[in-house]
Structures are given as structure tokens and as C-alpha cells.
Amino acid sequence: MNVSIVGSGYVGTTVAACLAEDGHEVTNVDIDEGVVAAINGGDAPIHEPGLDDLLAEHGGDRLHATTDYGAVVDTDVTFLALPTPAREDGSIDLGAVEAGVRSLGEALAGKDDPHLVVVKSTVIPGTTEETVAPLLAETSGKTLGEDLHVAMNPEFLREGSAVADFRDPDKVVFGAYTDLARERLRDVFEHLLADSEAALVETGIREAEMIKYANNAFLASKVSLVNDIGNVCKEYGVDAYEVAEAIGLDDRIGERFLRSGVGWGGSCFPKDVAALVAAAREADYEPAMLAAAIEVNDRQPERMLDLLDDHVDPAGERVAVLGLAFKPGTDDVRNSRAIPVVEGLRERGATVAAYDPVATETMRERFPEIEYADAAGEALDGASAALVVTDWDEFAALDDEFDRMATPVVVDGRRIVEPREGITYEGLTW
């Protein structure tokens, strides 16, 4: 099929590259000329394992990027993969989506054949039907359900494993009301559904929108719950990881997302849980458990700093922060737990020496004044303490590097460093 995708962020670029690999002709539309040039040159505009190889093979060929919305006219279906960032109150900002929809609608006004527009952006239930569809109809002059069709296809891609997640998903969700929308979605995902064991969920548009929020809210709450349990374990001198391993054997609980630590970040969990809380409150319902999940998560970095205070007065001292990305495998620092950790250290008067394998430059934009090391050992050199925030594999291999510290105090927020003699080791929840 001929597929177009509006937006070239983590989701849009990954989906475009994977669909091109599946044999579709894909057009990526983005307003950033630098991103467009990178894709056409076969270069990934983001750090994502496996994406470089796909773009090197298909970029500028089966996958073509452009700033011209008019290119969508020659495609059968358009996916909207535009950002929906959080406002201060947690509600989502639809500015980018609405701007993209207007440009898309104006382009589709010149098309004679029916066209399907699929929302892939994460939006509150009702958004596709109440905002996207009417705006598309208005700007294109087309009739919904006849020559213009809309659908919802939420994404479940984790940064750092997005390509693998696309290729082997647990489920694929189609939210649609017309036969044409369902048929075209099946055509787009025919190869993926045939080659994977993914469950196909066909449902309504509002249900599809809500499935994404419910998915992320449940996982985020599970992490916060195990962190809260871990905090209790810490007070009683109990190994929280041994407890989690045991309860994970109960098939009603499951072993995944039971690693206690400094909490969740990134572009999805914080934004989506906050948006769901804001939407519930707008409907005059107080979502107590979801609000509590956010509260526990927000508290974890400060607990990490409190443990540091138990061993070292950081004022005037060099403190190493290992890990800046919100998770390993990505350079994304959005809502990274390293941000409140660095802020807390600076408030305490510490000199921060930070290291991350790939996220240094993105974090430098936020904290240009702190020191950035080229290696973990360099950050640890002469430090009075080290805080491990991201569980990169290379941190598990650190050993002699800790001997370069002035005082080897290690507060490990991810249980990745191996405790040994000569190190004053503190786990966050164990």
C-alpha cells in the first residue's frame, strides 16, 4: 500500500521505517527540514536500536520524507503521529495535532478517492471524533464516512526497543466504525499480523484511545506500587528484590515491572498518567490510585538524595551522576529521574559530574553548567559520592573505577552495581 505518516519523532520514524521494511511505499511528512534530509539520506534522526539499519536500507527509496503535505494525496492512508505534550495541569496540548490536521485536510481537498486518516498520537477518549474528524471534514470539504474515514491505532512502542516492539507486539488495536477503515488497517498490518503472534483487537474509536491510557496507567502504577513496597522493605532491612522475585511467581501478578528503584520517566508514563488524572478530574472524579502512583514516583529521587545525605554532605563536593537518559537504549531525557537528582544536588551545593553513553548532548541543553564526562570512570574520579540513575549495562561492569573516588559512596537507584568491600553501598529500596 501507499502509506503516509505525519510526524517524524520516535513513533512516526519507527513506524515509517518498519512499514517500509514490510514492503509498503511510505511517505513521511514533517515540518523539520533537517529531519527530512536525514531520513532521505538514510540516517536516523533519533537514537533507537535497529532504526539505523532500516533507514540505511529504505531511506530515500521505499521510505521518502518531505515537508509537503500535498504528498499525502497519492497515498491510501495517513497516520497522525504528532506530539501531545502535557500542559501544566497535566491535560494534553493538541496544538501540534490540530495544526497537522488542518494542513492534512487542506491537502486532501484536492483528492477524489476516499482517504483514511488514522490517529496514532495518544489522545484522550473523544478526541478523534470530537476534534480530529470535524476539523478534517471542515478543511477538506469531504463527508465523514463516505470519502473521508477516521480510525484510531494506538502505539505501544517503548523507547530503546521500539523496532522490536513493532515487529513483535502483544496486541494490535484497531478503533474504527467503517468497513473501509477496518479493511485498510488490515491491509497495512497484514504482514505484521501474519508473522507475529499478536492479538488483533478491533473495537470502537473511544475504546482504542482509552486502551493506550489504561495500558500505561496500569504499568506505571505497578512500578509505583513495587517502589512503595520496596520503600517499606528498606525500613525493615528486607531485600526488596528477593520479595519481588517471589511475588512475581504468582501468575496473577507476573514478574515484569517489579524492579523497584528511582521511578519511571520518559515521554509516555508521566504524560499519560497525568493526562488521565486531569481528564478524570474534569469529569468530576478523583482518581485516587493514579494520583498516588504519581506521588510515589515523584518522591523516589528525593529518597535517593536523602540516602546520599546520610553518608555525605554534598555541599562543595564532587558528586557523580551515572545515567541521564530516562532508560537505557535511548538518548531521551524527557522526565528522566536524573533531572530532579541533578536539581537536588545543585540545591545542596554539590559539583555535579555526569555521564551517560548517549544522552549527554540532550541533557546538556537543560543543564549546560554542570560537568559532562566522556566515561564513567572520569565522572567518578575524585568524587565523594556516586548516584546511579539509569541501568545501562556498562555500569554493571564498573569495579576498579570506584577506587578512583575520594570517598566511595554509591547510591544505586537501579540495583545494577555489584556491592563489594571498599564501597559504601546503598540501594534505594533494599
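Each value, and the rule that gives it
- Residues numbered from 1 in each chain as written.
- Predicted model: local features only at pLDDT ≥ 70, side-chain atom pairs only at ≥ 80, totals over all residues.
- Heavy atoms only, no water.
- Axes fitted to C-alpha atoms, helices over the stretch in contact; angles between N-to-C directions.
- Helix = DSSP H or I, 4+ residues; strand = E, 2+ residues; numbered from the N terminus.
- Parallel < 35°, antiparallel > 145°, perpendicular 65-115°, else oblique.
- Contact = heavy atoms within 4.5 Å.
- Nonpolar A, V, L, I, M, F, W, Y, C, P; charged D, E, K, R; others polar.
- Disulfide = S-S within 2.5 Å.
- Buried < 20%, exposed > 50% of the residue type's maximum accessible area, 1.4 Å probe, protein only.
- Pairing = 2+ DSSP bridges.
- Core = buried A, V, L, I, M, F, W, Y, C linked by side-chain atoms within 4.5 Å.
- Salt bridge = Lys/Arg side-chain N within 4 Å of Asp/Glu carboxyl O.

### A few points about the packing of helix H5 (residues 127–140) against helix H9 (residues 205–235)
- Contact geometry for H5 and H9: axes closest at 9 Å, N-to-C directions at 110°. With respect to each other, H5 and H9 are oriented roughly perpendicular. Of H9, the residues touching H5 (which contributes Thr127, Thr128, Glu129 and Glu130) are Ile205, Arg206 and Glu209.
- Broken down by class, the residue content of the contact of H5 with H9 amounts to one nonpolar, two polar and four charged.

### Points about the state of the cysteines
- Scanning the model with the defined rule gives zero disulfides in all.
- Cys268 carries a free sulfur, and the closest cysteine sulfur to it, the one in Cys18, is 16 Å from it.
- Residue classification places Cys268 among the partly exposed residues on the basis of a relative accessible area of 21%.

### Details of the sheet that holds strand E13 (residues 409–412)
- Spatially, E11-E10-E9-E12-E13-E14 is the arrangement adopted by the six strands of the open sheet, whose pairing is parallel. A strand with exactly one partner marks an edge of an open sheet, and here the two such strands are strand E11 (371–372) and strand E14 (424–427).
- Contacting strand E12 (385–388), E13 and E14, helix H12 (residues 288–309) runs over the sheet at an angle of about 160° to E12.
- Where helix H13 (residues 338–347) meets the sheet, its contacts fall on strand E9 (318–322), strand E10 (351–355) and E12, and the angle it forms with E9 comes to roughly 175°.

### Brief notes about the nonpolar core
- Within the largest apolar cluster, 55 residues are counted, with the highest numbers of intra-cluster contacts made by Val321, Leu322, Leu345 and Phe395.
- Among the secondary structure elements, those contributing two or more residues to this core are helix H10 (240–247), H12, E9, H13, E10, helix H15 (376–380), E12 and E13.
- In terms of residues, this core owes the most to one element, H13, which gives five residues.
- Apart from the residues within four sequence positions on either side, Leu322 is in contact with Tyr355, Ala376, Ala379, Leu380, Leu387, Val388, Val389, Thr390, Phe395 and Leu398.

### Here's the deal with the sheet that holds strand E5 (residues 115–119)
- Reading across from one edge, E3-E2-E1-E4-E5-E6-E7-E8 is the order of the eight strands in this open sheet, with mixed pairing throughout. Of all strands in the sheet, those bounded by a partner on one side alone are strand E3 (63–66) and strand E8 (199–203). For this sheet, the mean inter-axis angle between neighbouring strands, taken without regard to orientation, is 25°.
- Pairing analysis gives four bridges linking strand E2 (residues 25–29) to E3, with the strands arranged parallel. Among the inter-strand pairings, Asn28 is bridged to a residue of E3, identified as Ala65.
- Seen against the sheet, H5 touches strand E4 (77–80), E5 and strand E6 (148–152) and runs at an angle of roughly 155° to E6.

### Some remarks on the environment of Ala406
- For Ala406, the location among the structural elements is in the loop between helix H16 (393–396) and E13.
- Between the C-alpha atoms of Ala406 and Asp381, which are 25 residues apart in sequence, the distance is 7.6 Å.
- Those residues in contact with Ala406, other than ones at most four positions away along the chain, are Gly382, Ala383 and Ser384.

### Focus on the pattern of salt bridges
- Taken as a whole and assessed by the stated rule, the structure comprises 25 salt bridges.
- Note that Arg334 is salt-bridged to Glu159, the shortest N-O span being 3.3 Å. Linking Arg334 in the loop between E9 and H13 with Glu159 in the loop between E6 and helix H6 (162–167), this pair joins segments that are 175 residues apart in sequence.
- Exposure remark for Arg334: the relative accessible area of 41% places this residue in the partly exposed category.
- By relative accessible area, Glu159 is classed as buried at 9%.
- Taking the shortest distance from any N to any O, the salt bridge between Glu202 and Arg186 comes out at 2.9 Å.

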